[in-house]
Structure formats: C-alpha cells, structure tokens
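An overview of the molecular structure
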Amino acid sequence: MTPQIGFPLFLLITVLLLVGVVLTGFARRRGWHFTLVGAALAGLATAIWYAKELGQYYDLEAAGWITPFHLGLAKITTACYLLPLATGVATLRRPGVRPWHRAAAFLVLFLTLVTTVTGAWMLMASPRIGLD
C-alpha cells in the first residue's frame, strides 16, 4: 500500500477506533474498551509509520516553521498517550482516579486533533517531490 493511501486510511481507522474507545469508556464496557484501546494504538502506530513514509514525497522544510512545530507536537502527543494508559490502569485499582483518566483521555484526543490539523497544514504548505 502506498503512503498516499495508507496514511489517510490508517488515520481514519485510528479516529474511528478512538471514537469507539470513548463510547465504550463512557458505557463502562471494559472488555471492548481495552480491545479498542489496543487496536487504536496499533492504528496510530501504523498511521505514524505511513506519515513518515509520506513525508519523503514532500519538501517539508519548505513549509517553514510549521514543520518543526508539527513534528514536535506529534512527539509530545504520542508520549501523552501514556497518560490515559497509566491512569486507566490506576482506575482499575482506585476508582477515584477515573476523573483523571477521563481528563487525560480528552487531553490526548485534543492533542491528536491539533496534531492532525498541523500535519495537514504542513503537507499543504510543502511542495511535492517527484519520487514516484
């Protein structure tokens, strides 16, 4: 699969899985919630791999300041995925942690949205390189 197809496909899959994660979390369907969290993380990892491949088809440096901003934000966002994982595990032992888990989850969803927007901005501002 080419990066031009793989990246948007796995980004969409990841977003749909994250919607499922939120819905099963609110419904307290732990089994499905855990399964969808794992699937969303796998989808995210695949989307990131395709994003890196896709970057080879663009002169990302020509986009200016948005490139280092997006790449830095993407790293921060990816690291922040550990927050809802850690608080989710803690919630299993201490239900009082649940509000922190919810806040961490929504923070990561917000960061994911901002990262997606800045990534799209970066690609739109980058000239395409004729590799194919």
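As the structure is a computational prediction, the values presented were derived from the model and not from experiment. (Residues numbered from 1 in each chain as written. Predicted model: local features only at pLDDT ≥ 70, side-chain atom pairs only at ≥ 80, totals over all residues. Heavy atoms only, no water.)

1. Quick look at the side chain of His70
For clarity, the threshold we go by: Strands here mean DSSP runs of E at least two residues long; helices mean DSSP runs of H or I at least four residues long; both are numbered from the N terminus. Nitrogen and oxygen atoms within 3.5 Å of one another constitute a polar contact, given that in protein one can donate a hydrogen and the other can accept it, and given that sequence-neighbouring residues count only through two side-chain atoms.
Here His70 lies in helix α3 (residues 66–80). A polar contact of 3.2 Å, which involves the side chain of His70, links it to the backbone nitrogen of Gly119.

2. Some details on the environment of Thr2
Its place among the elements puts Thr2 in the segment before α1 (3–26). C-alpha separation for the pair Thr2 and Ala90, spaced 88 residues apart in sequence, amounts to 39 Å.

3. Some remarks on the packing of α3 against helix α4 (residues 82–93)
Using the following cut-off: Note on method: axes are straight lines fitted to C-alpha atoms, helices fitted across the in-contact stretch only, with angles between N-to-C directions ranging 0 to 180 degrees. When an angle is under 35 degrees it counts as roughly parallel; over 145 it counts as roughly antiparallel; between 65 and 115 it counts as roughly perpendicular; any other value is oblique. By definition, residues are in contact when any of their heavy atoms lie within 4.5 Å. Each residue gets one label: Ala, Val, Leu, Ile, Met, Phe, Trp, Tyr, Cys and Pro are nonpolar, Asp, Glu, Lys and Arg are charged, and the others, such as Gly, are polar.
The N-to-C vectors of α3 and α4 enclose an angle of 10 degrees; their axes lie 5 Å apart at closest approach. One way to sum up the angle between α3 and α4 is to call them roughly parallel. Each of Thr78, Ala79 and Cys80 in α3 lies in contact with α4, whose residues at this interface are Leu82, Leu83 and Pro84. The residue makeup of the contact of α3 with α4, split by class, is five nonpolar, one polar and no charged.

4. Topic: the nonpolar core
Operational definition: Side-chain atoms within 4.5 Å link the members of a nonpolar core, which is a set of buried Ala, Val, Leu, Ile, Met, Phe, Trp, Tyr and Cys residues. Working definition: with a 1.4 Å probe on protein chains only, accessible area under 20% of the residue-type maximum means buried, over 50% means exposed, and in between means partly exposed.
Formed by Leu17, Leu18, Val21, Leu36, Ala40, Leu44, Leu73, Cys80, Tyr81, Val108 and Leu111, the largest nonpolar core amounts to eleven residues. Elements supplying a minimum of two residues to this core: α1, α2 (30–55), α3 and α5 (98–124). Among residues more than four places away in sequence, those in contact with Val21 are His33, Leu36, Val37 and Ala40. Tyr58, Leu60, Ile66 and Met122 belong to the second largest nonpolar core, which has seven residues in total.

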